[in-house]
Amino acid sequence: MPPFKQFTTAASSLRGCRSPSLRTRGGGGHGPSRWTSPGHEDRPMGSAFSRTPPPQGISQKWEDWELPCYITSFLTIVIVEVGLSAKPDLTIET
């Protein structure tokens, strides 16, 4: 028997030994799970991070960390892009 055939036979026998709860996502739904919980809300609130949207006509107020984070992210992308475009050609062919 070729070695590859032995490997596939062993893999298929191991696959058959797994419990059915491992084959389905979320544990198979047989009773309470050890890793997940049903949650604490009856239904989702519908807002990101449980933050209610502002009333109509009023804009969302920025947090103190948002502007420095956005500026730093933008500048990082610009510096990396300029640095990569100015990188010297180090290949042997040229």
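Here the structure is a predicted model, which is why all the values come from computation and not from measurement.

Of the regular secondary structure elements, the protein holds three helices and zero strands. Listed by position from the N terminus, the elements making up the protein come as α-α-α. Across the 94 residues in the protein, those meeting the buried criterion constitute 1%. Split by element, the accessible area of the protein, about 9500 Å² in all, is 64% carbon and sulfur.

Locating Glu66 in the fold gives a position in helix H3 (residues 66-85). There is a polar contact of 2.6 Å between the side chain of Glu66 and the backbone nitrogen of Glu63.

What follows deals with the confidence of the model for the protein. Of the residues in the protein, 57% have a pLDDT of 70 or more, and the chain-wide mean is 76. When pLDDT is averaged over each helix and strand of the protein, the minimum, 54, is found for helix H2 (residues 20-23) and the maximum, 96, for H3.

With that out of the way, let us pick up the packing of aromatic side chains. Applying the stated criterion across every chain yields a total of one aromatic pair. A ring pair is formed by Trp62 and Tyr70, whose centres lie 5.5 Å apart and whose planes are at 80°; its orientation type is edge-to-face.

Criteria and cut-off values
Residues numbered from 1 in each chain as written. Predicted model: local features only at pLDDT ≥ 70, side-chain atom pairs only at ≥ 80, totals over all residues. Heavy atoms only, no water. Helix = DSSP H or I, 4+ residues; strand = E, 2+ residues; numbered from the N terminus. Buried < 20%, exposed > 50% of the residue type's maximum accessible area, 1.4 Å probe, protein only. Areas by Shrake-Rupley, 256 points an atom, 1.4 Å probe, with all protein chains shown as cover. Polar contact = N/O pair within 3.5 Å; in protein donor to acceptor, adjacent residues only side chain to side chain. pLDDT = per-residue confidence, 0-100. Phe/Tyr/Trp six-rings, centres within 6.5 Å; stacked < 30°, edge-to-face > 60°.

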